[in-house]
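Spelled out from the first residue to the last, the chains are:
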Number of protein chains: 2
Amino acid sequence: MKPLIRQIGFDDGFFKKSDKNTVLVGCVVRGNDLIEGFLFDKISVDGDEATRKLVELVNSSKFKDTLKVVFLKGVTLGGFNTVDIRELSEETGLPVIVVLRKVPDMEKIERALNKVPNGKEKFRRIRAAGRLYSIPRNRGKLYFQKTGISKKDARELIEISIKTGNIPESLRISHLVASAITLGQSRRRA
Amino acid sequence: MKPLIRQIGFDDGFFKKSDKNTVLVGCVVRGNDLIEGFLFDKISVDGDEATRKLVELVNSSKFKDTLKVVFLKGVTLGGFNTVDIRELSEETGLPVIVVLRKVPDMEKIERALNKVPNGKEKFRRIRAAGRLYSIPRNRGKLYFQKTGISKKDARELIEISIKTGNIPESLRISHLVASAITLGQSRRRA
């Protein structure tokens, strides 16, 4: 696999329970280093259009032809606006890798989703993200789920996409931007 | 001068003549390479608060103590919301460097400002940015104005702040973000 891949990573902004929307920011990075552009949209809090929005953003991007992977920081954006990563992968023709800091507590998530409109479908999408893999990193582990790519290639893509810390550069930067837009300043921890 | 300085660069978003505001994005970069955070605010089109807003954003930033230079891409933000760079420098205690792609046509600017409320004061700020210096670059020249720093040190700061192209990295990135927020996608040319 060539080291000079182009990654796109999406993150959402902060929101209060009373907010209808929050921001959705995508960042395109060449290799693990050179930022080439941003995508920007809004996403509804606890809505159901996250998958469609991501598909549209990726497919309409001028960077589309050169992208090799889509990174997410979890399969929930804007609260419980959950992403169907298989649909996202199939509709964009790109592998999707979800990077997680810790093992999600599926029982807790299912309980929370039982109280939410369309909660069963939201939970189905979360489960459809599939098996959790891990990568040993300096201090502890990094977890990931993936679709449209082998686990070996996914691991390699994650490794070559990290510039600093434990997170692909596109996710680190889109987090900083989404935080700044919604809070005025980036939070220190990506 | 240490190569590992921290730069902050500000750029504004696009706007239509009918818009009251556009976005103001600041990007903090360590050296010419590592993005550490973003600042975000709105700025009024053709208003008069650009200097005050920049002073507030820089001084309230958690990055303040480690910043070594403020970069601007011109002294006009949000149309004719002109910046007094000497005031910005004195109120933040930081050198301010304005990077320009071409020599501004001062007569044309003065004529345009004659038709604008508070145009005389707006034009005074533009002139107060002072003398224009140039740096030879690969293909042509880069121009700059500066305050609170010697021309030699300003030149050196510009050179060590560029990662790619002809523009300090903080300005390149803040342009990409501000464009994406206001247009949905970054424009190719920074």
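1. So, the sheet that holds strand β3 (residues 34-44) of chain A
Each strand in a sheet pairs with another by means of backbone hydrogen bonds, the pair being arranged parallel or else antiparallel.
Residue and element names in this part refer to chain A.
Part 1 of the reasoning: Reading across the sheet, the seven strands line up as β3-β2-β1-β4-β7-β9-β8 and stay open at both edges, with mixed pairing between neighbours. A single partner strand is all that each edge strand has here, and the edge strands are β3 and β8 (133-137). Geometrically, the sheet is characterised by an average inter-axis angle of 25 degrees between neighbouring strands, direction not taken into account.
Part 2 of the reasoning: Two elements, β8 and strand β9 (residues 140-147), share five bridges in a ladder whose sense is antiparallel.

2. A closer look at the interface of chain B and chain A
Part 1 of the reasoning: Facing the 18 residues of chain B at the interface are 18 residues of chain A.
Part 2 of the reasoning: A per-element tally of the side of chain B that touches chain A places strand β3 (residues 34-44) of chain B first, with seven residues.
Part 3 of the reasoning: The residue inventory of the side of chain B that touches chain A, partitioned by class, reads ten nonpolar, six polar and two charged.

3. As for the relation of the copies chain B and chain A
Part 1 of the reasoning: Overlaying chain B on chain A yields an RMSD of 0.0 Å, the required transformation being a rotation through 180 degrees with an accompanying axial translation of 0.0 Å. On this basis, the relationship between the two copies can be described by a two-fold rotation axis.
Part 2 of the reasoning: When you check the interface residues of chain B against chain A, 100% turn up at the interface there too, and the contact is symmetric in its surfaces.

4. Here's the deal with the packing of helix α1 (residues 50-60) of chain A against helix α2 (residues 85-92) of chain A
Residue and element names in this part refer to chain A.
Part 1 of the reasoning: Packing of α1 against α2 brings their axes to within 9 Å, and their N-to-C directions diverge by 25 degrees. The angle between α1 and α2 places the two elements in the roughly parallel class. Our pair here, α1 against α2, has a crossing hand that is right-handed. Touching Thr51, Leu54, Val55, Val58 and Asn59 of α1 are Glu87, Leu88, Glu91 and Thr92, all from α2.
Part 2 of the reasoning: A class-by-class count of the residues in the contact of α1 with α2 yields four nonpolar, three polar and two charged.

5. Considering the confidence of the model for chain A
Residue and element names in this part refer to chain A.
Part 1 of the reasoning: Averaged over chain A, the pLDDT score is 93; the fraction of residues at 70 or greater is 96%.
Part 2 of the reasoning: For chain A, β8 is the element with the lowest average pLDDT, namely 92, and strand β4 (residues 69-72) is the one with the highest, namely 98.
Part 3 of the reasoning: Listed scores for the predicted complex are pTM 0.91 and ipTM 0.87.

Cut-offs and rules
- Residues numbered from 1 in each chain as written.
- Chains lettered and ligands numbered in written order.
- Predicted model: local features only at pLDDT ≥ 70, side-chain atom pairs only at ≥ 80, totals over all residues.
- Pairing = 2+ DSSP bridges.
- Helix = DSSP H or I, 4+ residues; strand = E, 2+ residues; numbered from the N terminus.
- Axes fitted to C-alpha atoms, helices over the stretch in contact; angles between N-to-C directions.
- Contact = placed C-beta atoms within 7 Å.
- Nonpolar A, V, L, I, M, F, W, Y, C, P; charged D, E, K, R; others polar.
- Least-squares fit on C-alpha atoms with pLDDT ≥ 70 in both.
- Parallel < 35°, antiparallel > 145°, perpendicular 65-115°, else oblique.
- Left-handed = near helix turned anticlockwise from the far one by under 90°.
- pLDDT = per-residue confidence, 0-100.

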